[in-house]
There are 2 protein chains.
Amino acid sequence: MHEFEIIKKYFSKLSINNRSSLNLNDDVFFDKLKNLVISVDTYIEGTHFIDFKKPDLVVKKILRSSISDLICKGVNPKYYFISGSGNERSLTKKNLKKISQSLKEEQKKYSIYLSGGDTVNSKKLSFTITTIGFSNKIIFRNKAKINDDIYVTGNLGDSFIGLKILKKKINLNKELNDYFKKKYFLPDLKFNLTNKLFSFANTSIDISDGLIADLNKLINKQNLSYKLYLNDIPVSKNLRKLINMNIVKKKSCVSKGDDYQILFTSSKSKSRIINKLSKSLGIKISKIGKICNHKAKSQIYDEKNRKISLKNDGYYHNF
Amino acid sequence: MHEFEIIKKYFSKLSINNRSSLNLNDDVFFDKLKNLVISVDTYIEGTHFIDFKKPDLVVKKILRSSISDLICKGVNPKYYFISGSGNERSLTKKNLKKISQSLKEEQKKYSIYLSGGDTVNSKKLSFTITTIGFSNKIIFRNKAKINDDIYVTGNLGDSFIGLKILKKKINLNKELNDYFKKKYFLPDLKFNLTNKLFSFANTSIDISDGLIADLNKLINKQNLSYKLYLNDIPVSKNLRKLINMNIVKKKSCVSKGDDYQILFTSSKSKSRIINKLSKSLGIKISKIGKICNHKAKSQIYDEKNRKISLKNDGYYHNF
């Protein structure tokens, strides 16, 4: 069974008297009265990260993917809890030292503090990260308006190429291999944009499962559709090289997920503010499509205005 | 390596600028300014619960053991997040239905609300539970005073006998088997005592690892010792029967953990309040020893005033 079905069928009703849970249909929990925003995520070896050969990078990646949930909602993360299950093979002294050093660096970079957690013995390596922020407002899902522009920060697809390199499915030259692997392990969170989001975004989500999957999630309770333009989906210079050399197709790699960029919609009147902010903060923000009414069918168009579908609608857990 | 060593060596320093983490040396995180109290615990099949043959009971047990962390600190839990890793064998539709029903019953019993979480696919079954409460004060560890009396709520040892029955190491008659198994799965949390604790307890902890292990943790940063009297350690009528019939020894089963009773210390002047409350709430509260200065050695005395040691100092995770 699909993980969303599980939540809908067995767990949503348990949160019915708890408005802060947002019907378990958002990335975060938000208690407005207490100004409290919380996100909980579990990461498992073999599913969310390939292996633990680079503990320092794996830990940075999962911590960033965890705080990304708050950042995309306009909330600065403050505290995090990490609960690690592993054994003497995965949590060796050497690895623990690396994990500790990684956490220290991330704490400095994002002004967050380790606040607790748990270490338990298990053959299978996994981590659950709880992230806490404080805010009297968040940007919700399902608040897109008809005719909103759809925007995305940064570039998409680099992380997916990095994963393919790590899985030895592509091999490029050392420089490119290193570039894409770094993009996979160290998502470039748009931390400086966090608090600014309120000034223009109607609704937002971070891209973890894939552009299309997350766009669908962003408006899943709304009677809306969208148009996306492949040409406008931002990619890095390095990914552009691979596309130009026909090593990969753009449409096969921009909706694969793990990008941790912010996907949001804004009314047209905000485009000047967005462009201005993009320049002043030095953050790439690209308009990639628009929100339409429910009568239209959601469509993606290629460079020649042909309707296409983006390969891979995203990653889901099936049971 | 011992889990406490891991925390001390690799993680304590990461929380150094974060007073709310209580140096990672308490059961909870407490942000006084935000009135926020948080506990995070991970439970793994084969370690924290034997198997998943009784999903309804396992889920109740781990949820209670999680909220017990807040209750013993004088804080009412309000929200919980549950992150489950499992697969199509452990998280079947039938099991999910049972889990959902169990959570519903526990929510009603303890006035708590499911607020989020995560479901991920994994061969190994595990759960991480995050519990949140709101309070401007908590009862800390390491605040015992010399000459304090040591108290414990409820009875100790029943859960351990239940575990032995489940592991088929003891077999009693059906009625007793059922009684002890129930005590193992459904710890009798002293929920009604939660807010009252502030009126008499100097320091407190819940007994999860075992009476002695948790008493040592309770005062681990203090230069103190204790005297305990085996005779005064409370056991149920049913456990008394087994002891009288020489099926088990009292000293071998009252410090095994999984009791989820509250262990606290109070000044002698509070004994009247405690007895009065115990009667009015119908909650058994037993004085089992006293706190002494560091010059004395911690001792446990049996019925004949002989010094003894309680078998099993508690459960720790070693890596």
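Since this is a predicted model, take the numbers as computed values, not measurements. (Residues numbered from 1 in each chain as written. Chains lettered and ligands numbered in written order. Predicted model: local features only at pLDDT ≥ 70, side-chain atom pairs only at ≥ 80, totals over all residues.)

Let's talk about the interface of chain A and chain B
Step number 1: The interface is formed by 54 residues belonging to chain A together with 54 residues belonging to chain B.
Step number 2: Of all the secondary structure elements, the ones that give two or more residues to the side of chain A that touches chain B are helix H1 (3-11), strand S2 (36-44), strand S3 (77-86), helix H3 (93-110), strand S4 (113-121) and strand S5 (126-134) of chain A.
Step number 3: When residues of the side of chain A that touches chain B are assigned to their parent elements, the largest contribution, nine residues, is made by S4(A).
Step number 4: Here the side of chain A that touches chain B is composed, by residue class, of 21 nonpolar, 23 polar and 10 charged. (Contact = placed C-beta atoms within 7 Å. Helix = DSSP H or I, 4+ residues; strand = E, 2+ residues; numbered from the N terminus. Nonpolar A, V, L, I, M, F, W, Y, C, P; charged D, E, K, R; others polar.)

Notes on the sheet that holds strand S8 (residues 224-229) of chain A
Residues and elements named next belong to chain A.
Step number 1: One open sheet holds the seven strands; their spatial order is S7-S9-S6-S10-S8-S11-S12, and the pairing between them is mixed. This sheet does not close on itself; its edge strands, each paired only once, are strand S7 (203-206) and strand S12 (307-308).
Step number 2: In this structure, strand S11 (residues 299-301) lies alongside S12, joined through two bridges in antiparallel fashion. Each bridged residue has a counterpart across the sheet, and for Tyr301 the counterpart in S12 is Lys307. (Pairing = 2+ DSSP bridges.)

What to know about the relation of the copies chain A and chain B
Step number 1: Overlaying chain A with chain B gives an RMSD of 0.0 Å, the required rotation being 180° about an axis along which the chain moves by 0.0 Å. Classification of the inter-copy transformation places it as that of a two-fold axis.
Step number 2: In this assembly, 100% of the residues forming the interface of chain A have copies in chain B that are likewise at the interface, indicating an isologous arrangement. (Least-squares fit on C-alpha atoms with pLDDT ≥ 70 in both.)

Structural notes on the packing of helix H2 (residues 55-71) of chain A against H3(A)
Angle between the axes and distance between the axes are the two parameters that describe a pair of packed helices.
Residue and element names in this part refer to chain A.
Step number 1: Two numbers describe how H2 lies on H3: the axes approach to 8 Å, and their chain directions differ by 40°. Comparing their axes, H3 and H2 come out oblique. You can see that H2 and H3 cross each other, and the crossing is right-handed. Counted together, Pro55, Asp56, Val59, Lys60, Leu63 and Ile67 of H2 and Asn95, Lys98, Ile99, Gln101, Ser102, Leu103, Glu106 and Tyr110 of H3 form the full contact between these two elements. (Axes fitted to C-alpha atoms, helices over the stretch in contact; angles between N-to-C directions. Parallel < 35°, antiparallel > 145°, perpendicular 65-115°, else oblique. Left-handed = near helix turned anticlockwise from the far one by under 90°.)

Let's talk about the sheet that holds S4(A)
All names here are of chain A.
Step number 1: Across the sheet, five strands lie side by side as S1-S2-S5-S3-S4; this open sheet has mixed pairing. The open sheet has two edge strands with one neighbour each: strand S1 (29-31) and S4. With direction set aside, neighbouring strand axes in the sheet form an average angle of 15°.
Step number 2: One ladder, built from eight bridges, connects S3 with S4; its direction is parallel. Bridging across to S4, Ile82 finds its partner in Gly117.
Step number 3: The sheet strands contacting H2 are S2, S3 and S5, and the helix crosses S5 at an angle near 30°.

These figures come from the coordinates and say nothing about function on their own.
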